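If you want the building blocks of each chain, they are given just below.
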Amino acid sequence: MTARTPRLHRLRRAQPEGRAGRPVEARGAKPRRRGAQPKVVALGGGMGLSASLAALRRITGDLTAVVTVADDGGSSGRLRDELGVLPPGDLRKALAALCGDDDWGQTWARVIQHRFQSKGDLHEHAVGNLLIVALWEQLGDHVQALDLVGRLLGAHGRVLPMSAVPLELQALVKGHDPERPDAVETVRGQATVALTPGEVQSVHLVPNDPPAVPEAVAAVLDADWVVLGPGSWFSSVIPHLLVPELLEALVETRARRVLSLNLAPQPGETEGFSPQRHLEVLGRHAPKLALDVVLADEAAVPDRDVLTEAAKGFGGAAVELAPVARPDGSPRHDPELLAAAYDRIFRMHGRIGPWR
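A few points on the structure. (Residues numbered from 1 in each chain as written. Predicted model: local features only at pLDDT ≥ 70, side-chain atom pairs only at ≥ 80, totals over all residues. Heavy atoms only, no water.)

Next up on the list: the sheet that holds strand S5 (residues 184-188). Taken in spatial order, the 3 strands make up an open sheet running S5-S4-S6, and their pairing is antiparallel. In the strand order of this sheet, the two ends are held by S5 and strand S6 (199-206), each with one partner. Strand-to-strand, the axes of this sheet are offset by a mean angle of 25°, without reference to chain direction. Across 5 bridges, the pairing between strand S4 (residues 168-174) and S5 is antiparallel. Note on S5: the bridge partner recorded for Val173 is Glu185. (Pairing = 2+ DSSP bridges. Helix = DSSP H or I, 4+ residues; strand = E, 2+ residues; numbered from the N terminus. Axes fitted to C-alpha atoms, helices over the stretch in contact; angles between N-to-C directions.)

See the structure below:
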């Protein structure tokens, strides 16, 4: 147990509050009896986290997304460079994924995802990015601003950044230069790492000891289930394990932990990776992390026995295979199928909370 443990235990009792001192609720949310459904925290970024949130909001109303803040490309990168703010893009995508299926939710999801098309400075900026950054400047508080956007959208859950400071992702890449296939070089920036040629050996953050957002730590400690992945492995999933306080919370939490694997290797950073290879690199970055369940699409696992053996290295995690891909053959998760897989895992492997 580390010197930070007492602080983590204090944070466990932290609750988000509105102006009247009451817990923050999504717009139109019905009062919930505590313990009636699982408290779930999902960690990641980009489209992978969005897929997980779109599934999880179908089976629980007590959902928190903890989002990476190392993006440096596109609209997010431009706002980050110009204003010195956290990159809002992955936070925006998470909020859109938590919007409901009614007219209100779908209208706002489209609005915040809308990108301007012009010949000027607004070109390719997303409406939601500008809204989030405007509220950060108005309120001076990342969490309060995101809670306010969530209420406006009627989001079925809460969105938090994993850290309150912008982070730079750096990777050690072997063969980044095709003319020097054995050379290991440092590649800087999430957008560059995600598409890098060569083999990513490891990643780290700058600064290398970033502070975690206290509300994110508290959510992990107070959860029934923590879901990590799917998503870009080195640039969206592993970065959460590089924030010391957040990793400590993931190790110490009483919640059960499920790792959701990708449907296919990602061109660039995980080109040619097998399912077990994803586990191996995750373990190298967080050797103390234990898992309870590893979820994978049944069609994406050529050898279940090999994956099962790799999962045992994470405290004896069980492997659950299920059809979670869209039926059109694209490497994207189907929200309904993924929701069914999560629900089955929560019921079969759960030990906390009488939600079933």
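Our next topic: the sheet that holds strand S9 (residues 293-297). Ordered by their spatial adjacency, 7 strands build an open sheet running S3-S2-S1-S7-S8-S9-S10, and the pairing between neighbours is parallel. Pairing within the sheet leaves two strands with one partner each, and these edge strands are strand S3 (158-161) and strand S10 (318-322). Across this sheet, the average inter-strand angle for adjacent strands is 20°, counted without regard to direction.

For the rest of this paragraph, the subject is the nonpolar core. Counting 101 residues, the largest nonpolar core has Leu53, Leu56, Trp136, Leu282, Tyr342 and Phe346 as its most contacted members. The biggest single contributor to this core is helix H14 (residues 335-349), with 6 residues. With residues up to four places along the chain from it excluded, the contact list for Leu53 reads Ala42, Leu63, Ala65, Ala94, Ala97 and Leu98. (Core = buried A, V, L, I, M, F, W, Y, C linked by side-chain atoms within 4.5 Å. Buried < 20%, exposed > 50% of the residue type's maximum accessible area, 1.4 Å probe, protein only. Contact = heavy atoms within 4.5 Å.)

Another point: the packing of aromatic side chains. The full count for this structure, using the stated rule, is 4 aromatic pairs. Put simply, the rings of Trp225, Tyr342 and Phe346 pair up and form one aromatic cluster. Arg277 extends its terminal NZ or CZ atom over the ring of Phe273, reaching a point 4.8 Å from the ring centre. (Phe/Tyr/Trp six-rings, centres within 6.5 Å; stacked < 30°, edge-to-face > 60°. Lys NZ or Arg CZ within 6 Å of the ring centre and 35° of its normal.)

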